[in-house]
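Listed below, chain by chain, are the residues.
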There are 2 protein chains.
Amino acid sequence: MPAETNPFMTLALEQAQAAARRGEVPVGAVLVDGKGTVLAAQGNRTIELSDPTAHAEILVIRQACEQQQSQRLSGCALHVTLEPCPMCATAISFARIHTLYYGASDPKGGGIAYGPRIFSHSTCHHRPDIYEGIGETQSSALLRKFFKALR
Amino acid sequence: MPAETNPFMTLALEQAQAAARRGEVPVGAVLVDGKGTVLAAQGNRTIELSDPTAHAEILVIRQACEQQQSQRLSGCALHVTLEPCPMCATAISFARIHTLYYGASDPKGGGIAYGPRIFSHSTCHHRPDIYEGIGETQSSALLRKFFKALR
């Protein structure tokens, strides 16, 4: 599904491109409230911040929670260019995010459709509605280009 | 195994007690480098910081990585009073922490021996050495007391 059908994914892809320009793995995330207001938009900053937890998803969750002065983002939607890893998937569950849209699947590092499949366990107390494949072509192209340049 | 055999777990239990006094779920974590120097000691601060990712483990990892200006804590050991959740277990793997000591098991929320068993998947690139049950009696007692008072 092209990202054009989802303007928030277009914004997330712009964040991913900006991350690539900073030398970070190009993943971007946008958090939107129930009224369609963008609460936070970020790309990966693990290198810049020397922080292995500074994935785009964690950064937008932390930023929006601080703004809202709440640990819960119940009515919100997260748009992210790549399938979240197990760390981010768990944080999405903790934050009670209502809907998750993601672009490319990640067989090597994903934690939703692959690997530990975080939302599939009975101990997971909140599972968002999930829509995948939005903007996956652009997302995958960005990641391929980035990792090709590293080799 | 009593916490007295591991002075770092005693310190982690003190952090858990301090978290309880702040009204936070009583879990504490201590990160130690290869020479036995304490790099960071923290308890949960999810309520105080309005941050669902502010588990004790994440806080010490972020603090130590910032100090070291590195995403990797390769020679380090993490001592935590409760089995880490899937978010924290994944962060432990990303940070390449060498050894993990934990106290009580957590069948309801743990991500190592229970639930998604983060380190058991082929997509997990780093698995620490793991020792469990250190200080579990004190850790469990703290958690029981805390949750009993909430009811």
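Whatever comes next refers back to the structure up there.
Residues numbered from 1 in each chain as written. Chains lettered and ligands numbered in written order. Predicted model: local features only at pLDDT ≥ 70, side-chain atom pairs only at ≥ 80, totals over all residues. Heavy atoms only, no water.

*Asks:* So what exactly am I meant to see when it comes to the sheet that holds strand β2 (residues 38-43) of chain B here?
*Replies:* The pairing of strands in a sheet comes from backbone hydrogen bonds and takes either a parallel or an antiparallel form. All names here are of chain B. Spatially, β2-β1-β3-β4-β5 is the arrangement adopted by the 5 strands of the open sheet, whose pairing is mixed. Strands at the two margins of the open sheet, each flanked by one partner only, are β2 and β5 (129-132). Each strand of the sheet is rotated relative to its neighbour by a mean of 15°, with strand direction disregarded. Of the strand pairs in this sheet, strand β4 (residues 99-104) and β5 are connected by 4 bridges, and their pairing is parallel. Paired with Tyr101 across the strands is Tyr131, a residue of β5. Relative to strand β1 (residues 28-32), helix α1 (residues 7-21) is tilted by about 145°, and along the sheet it contacts β1, β2, β3 (77-82) and β4. (Pairing = 2+ DSSP bridges. Helix = DSSP H or I, 4+ residues; strand = E, 2+ residues; numbered from the N terminus. Axes fitted to C-alpha atoms, helices over the stretch in contact; angles between N-to-C directions. Contact = heavy atoms within 4.5 Å.)

*Asks:* Before we go on, may I ask you to explain the sheet that holds strand β3 (residues 77-82) of chain A in this structure?
*Replies:* Residues and elements named next belong to chain A. One open sheet accounts for 5 strands, arranged β2-β1-β3-β4-β5; its pairing is mixed. Sheet topology places β2 (38-43) and β5 (129-132) at the edges, where each strand pairs with a single neighbour. Strand-to-strand, the axes of this sheet are offset by a mean angle of 15°, without reference to chain direction. In terms of strand pairing, strand β1 (residues 28-32) meets β2 through 5 bridges, oriented antiparallel. Bridged to Gly28 within β2 is Gly43. This element, helix α4 (residues 136-150), spans β3 and β4 (99-104) of the sheet and lies at about 55° to β4.

*Asks:* What exactly am I supposed to notice about the packing of helix α2 (residues 56-68) of chain B against helix α3 (residues 86-94) of chain B here?
*Replies:* Helix packing for two helices is described by the angle between their axes and how far apart those axes are. Residues and elements named next belong to chain B. Viewed as axis vectors pointing N to C, α2 and α3 meet at an angle of 25°, and their least axial separation amounts to 9 Å. It follows from the interaxial angle that α2 and α3 lie roughly parallel. Viewed along their axes, α2 and α3 form a crossing whose handedness is left-handed. Counted together, Glu57, Ile58 and Ile61 of α2 and Met87, Cys88, Ala91 and Ile92 of α3 form the full contact between these two elements. Across the contact of α2 with α3, the residue classes tally to 6 nonpolar, no polar and 1 charged. (Parallel < 35°, antiparallel > 145°, perpendicular 65-115°, else oblique. Left-handed = near helix turned anticlockwise from the far one by under 90°. Nonpolar A, V, L, I, M, F, W, Y, C, P; charged D, E, K, R; others polar.)

*Asks:* Whenever I open this one, the pattern of salt bridges confuses me. Can you help?
*Replies:* It is possible for side chains of opposite charge to pair when their charged atoms get near one another. Enumeration over the complete set of coordinates arrives at 6 salt bridges over all chains. The structure contains a network of salt bridges with shared partners spanning Arg22, Arg45 and Glu48 of chain A. (Salt bridge = Lys/Arg side-chain N within 4 Å of Asp/Glu carboxyl O.)

*Asks:* Is there a simple way to explain the relation of the copies chain A and chain B in this structure?
*Replies:* The relation between the two copies of this chain is a rotation about an axis and a shift parallel to it. Once turned by 180° and shifted 0.0 Å along the axis, chain A lies on chain B with an RMSD of 0.0 Å. Taken together, these values place the two copies in the relation of a two-fold axis. Considering only C-alpha atoms, the part of chain A nearest the rotation axis is Met87 of chain A, at 2.0 Å. Looking at chain A, 100% of its interface residues are interface residues in chain B too, so the copies touch through the same face. (Least-squares fit on C-alpha atoms with pLDDT ≥ 70 in both.)

*Asks:* Any chance you could explain the packing of helix α3 (residues 86-94) of chain A against α3 of chain B here in plain terms?
*Replies:* Between α3 of chain A and α3 of chain B, whose axes approach to 8 Å, the crossing angle comes to 155°. Classed by the angle they form, the pair α3 of chain A and α3 of chain B counts as roughly antiparallel. Of the two elements, α3 of chain A crosses α3 of chain B, and the hand of that crossing is left-handed. Contact with α3 of chain A, carried on its side by Pro86, Met87, Thr90, Ala91 and Phe94 of chain A, involves Pro86, Met87, Thr90, Ala91 and Phe94 of chain B of α3 of chain B and no other residues of that element. Of the residues belonging to the contact of α3 of chain A with α3 of chain B, the class tally is 8 nonpolar, 2 polar and no charged.

*Asks:* Can you walk me through the interface of chain A and chain B in this structure?
*Replies:* One frequently used descriptor of interface size is the decrease in accessible area upon assembly of the parts. Opposite the 30 residues of chain A that make contact, chain B presents 30 residues. Summing the contributions of chain A and of chain B, the shared interface buries around 2,400 Å²; its carbon and sulfur component is 64%. For Asp51 of chain B, the salt bridge goes to Arg62 of chain A, with nearest N and O atoms at 2.9 Å. Where chain A packs against chain B, one counts 4 residue pairs in polar contact (both at pLDDT 80 or more). Secondary-structure elements contributing two or more residues to the side of chain A that touches chain B are α2 (56-68) and α3 of chain A. (Buried area = accessible area lost by both parts, 1.4 Å probe. Polar contact = N/O pair within 3.5 Å; in protein donor to acceptor, adjacent residues only side chain to side chain.)

Coordinates in, geometry out; function isn't part of it.
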